[in-house]
Amino acid sequence: RKEVEQDPGPFNVPEGATVAFNCTYSNSASQSFFWYRQDCRKEPKLLMSVYSSGNEDGRFTAQLNRASQYISLLIRDSKLSDSATYLCVVNNRDSNYQLIWGAGTKLIIKP
Amino acid sequence: EAQVTQNPRYLITVTGKKLTVTCSQNMNHEYMSWYRQDPGLGLRQIYYSMNVEVTDKGDVPEGYKVSRKEKRNFPLILESPSPNQTSLYFCASHPDRVNYEQYFGPGTRLTVT
């Protein structure tokens, strides 16, 4: 089992819709969680950190469920510019705080 | 402008011909990493460095070397490249052990024939 798993997609979503995807992690010692966004053939960029209490940044909401070991990302009122691959990232205290990256979920927003 | 730079951006080479990919950051970050990204596998860490002269292996270090002689530079060396090292490579830095936000370079697309 991969340490961090994501549905690869693609998720094809009409503009204006709400979309959500999850990421599961296997190590219960994981401490920090992040969502990164990666446009095609470009470098990843931090979208948001995920806090225990959940957090919101405009149209984006991230949630953490420690009991079930997953994090989620919700995008409301999706825009064409949201089309990208979303990477889930987890760090483990056990592995010297190394970051473990999911393979990403591809999102395509259609007009 | 705060940034991480990598060179070259694209490289096609032949098996066994030594190459170096340079990485430089201007943010005075302590931590630097090299990743490779392959379809369906996500980013995998090759090596990382916690400060000058301090480096350690990541998940996939075989066939690679690094050095950190100065804080800003972290070159990746392939002594004898092989076709299975064809990949997209990213250099990244982050400020310290607490602040994990990764700042990435633009990537180097390497093809080994």
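Higher on the page you've got the structure.
The model shown is predicted, which means the values in this text are computed figures rather than measured ones. (Residues numbered from 1 in each chain as written. Chains lettered and ligands numbered in written order. Predicted model: local features only at pLDDT ≥ 70, side-chain atom pairs only at ≥ 80, totals over all residues. Heavy atoms only, no water.)

1. Overview of the overall build of chain B
A tally of helices and strands in chain B yields zero helices and 11 strands. Ordered by position from the N terminus, the helices and strands of chain B form the series β-β-β-β-β-β-β-β-β-β-β. Projected onto its principal axes, the C-alpha coordinates of chain B cover approximately 40 × 30 × 25 Å. Here the analysis covers contacts within chain B between residues at least 6 apart in sequence; of these, 53% occur between residues at least 24 apart. Working note: accessible area of chain B is about 5,400 Å², and carbon and sulfur atoms make up 50% of it. (Helix = DSSP H or I, 4+ residues; strand = E, 2+ residues; numbered from the N terminus. Contact = heavy atoms within 4.5 Å. Areas by Shrake-Rupley, 256 points an atom, 1.4 Å probe, with all protein chains shown as cover.)

2. Considering unusual backbone geometry
The linkage connecting Gly-9 of chain A with the following residue, Pro-10 of chain A, adopts the cis geometry, with an omega of 10°. Looking at the element boundaries, Pro-10 of chain A is found in the loop between strand S1 (4-6) and strand S2 (11-14). The omega torsion across Asn-7 of chain B and Pro-8 of chain B is -5°, close enough to zero to call that bond cis. A positive phi angle, near 55°, is found at Gln-69 of chain A, a position not held by glycine. With respect to the helices and strands, the residue Gln-69 of chain A is situated in the loop between strand S7 (60-65) and strand S8 (70-75). Its identity as a non-glycine residue notwithstanding, Glu-53 of chain B has a phi of 65°, on the positive side. By the element assignment, Glu-53 of chain B lies in the loop between strand S5 (42-51) and strand S6 (54-57).

3. With respect to the sheet that holds strand S7 (residues 65-66) of chain B
With respect to topology, four strands assemble into an open sheet ordered S1-S3-S8-S7 (chain B), the strand pairing being antiparallel. Strands at the two margins of the open sheet, each flanked by one partner only, are strand S1 (4-7) and S7 of chain B. (Pairing = 2+ DSSP bridges.)

4. Structural notes on the packing of aromatic side chains
Here the structure, examined in full by the defined rule, presents 11 aromatic pairs over all chains. Taken together, a centroid distance of 5.9 Å and an interplanar angle of 65° make the contact between Tyr-64 of chain B and Tyr-89 of chain B edge-to-face. One end of the pair, Tyr-64 of chain B, is in the loop between S6 and S7; the other, Tyr-89 of chain B, is in strand S9 (residues 87-94), with 25 residues separating them in the sequence. Among the residues examined, Tyr-89 of chain B registers a relative accessible area of 1% and is labelled buried. Among the aromatic residues, ring-to-ring pairing joins Tyr-36 and Trp-101 of chain A together with Tyr-35, Phe-90 and Phe-104 of chain B into one connected group. (Phe/Tyr/Trp six-rings, centres within 6.5 Å; stacked < 30°, edge-to-face > 60°. Buried < 20%, exposed > 50% of the residue type's maximum accessible area, 1.4 Å probe, protein only.)

5. As for the sheet that holds strand S3 (residues 19-25) of chain A
Residue and element names in this part refer to chain A. The strand order across the open sheet built from five strands is S1-S3-S8-S7-S6, with neighbouring strands paired in antiparallel fashion. Two strands close off the open sheet at either side, each with one partner strand: S1 and strand S6 (55-57). Strand-to-strand, the axes of this sheet are offset by a mean angle of 20°, without reference to chain direction. Sheet topology places S1 next to S3; three bridges connect them, and they run antiparallel. Note on S3: the bridge partner recorded for Gln-6 is Cys-23. (Axes fitted to C-alpha atoms, helices over the stretch in contact; angles between N-to-C directions.)

6. Section: the state of the cysteines
By the definition in use, this model includes two disulfides over all chains. With its sulfur 1.9 Å from that of its partner, Cys-23 of chain A forms a disulfide with Cys-88 of chain A. Where Cys-23 of chain A bonds to Cys-88 of chain A through sulfur, the torsion about that S-S bond is close to -70°, and the disulfide is left-handed. Of this pair, Cys-23 of chain A sits in strand S3 while Cys-88 of chain A is found in strand S9 (residues 84-92), placing the two residues 65 residues apart along the sequence. When sorted by exposure, Cys-23 of chain A lands in the same class as Cys-88 of chain A, which is buried. Here Cys-23 of chain B pairs with Cys-91 of chain B through a disulfide, and the sulfurs are 1.8 Å apart. Negative torsions about the S-S bond denote left-handed disulfides, and the value of about -70° found for Cys-23 of chain B with Cys-91 of chain B makes this one left-handed. Note that Cys-23 of chain B is positioned in strand S3 (residues 19-25) and Cys-91 of chain B in strand S9, a separation of 68 residues in sequence. Cys-91 of chain B carries the same exposure label as Cys-23 of chain B, and that label is buried. (Disulfide = S-S within 2.5 Å.)

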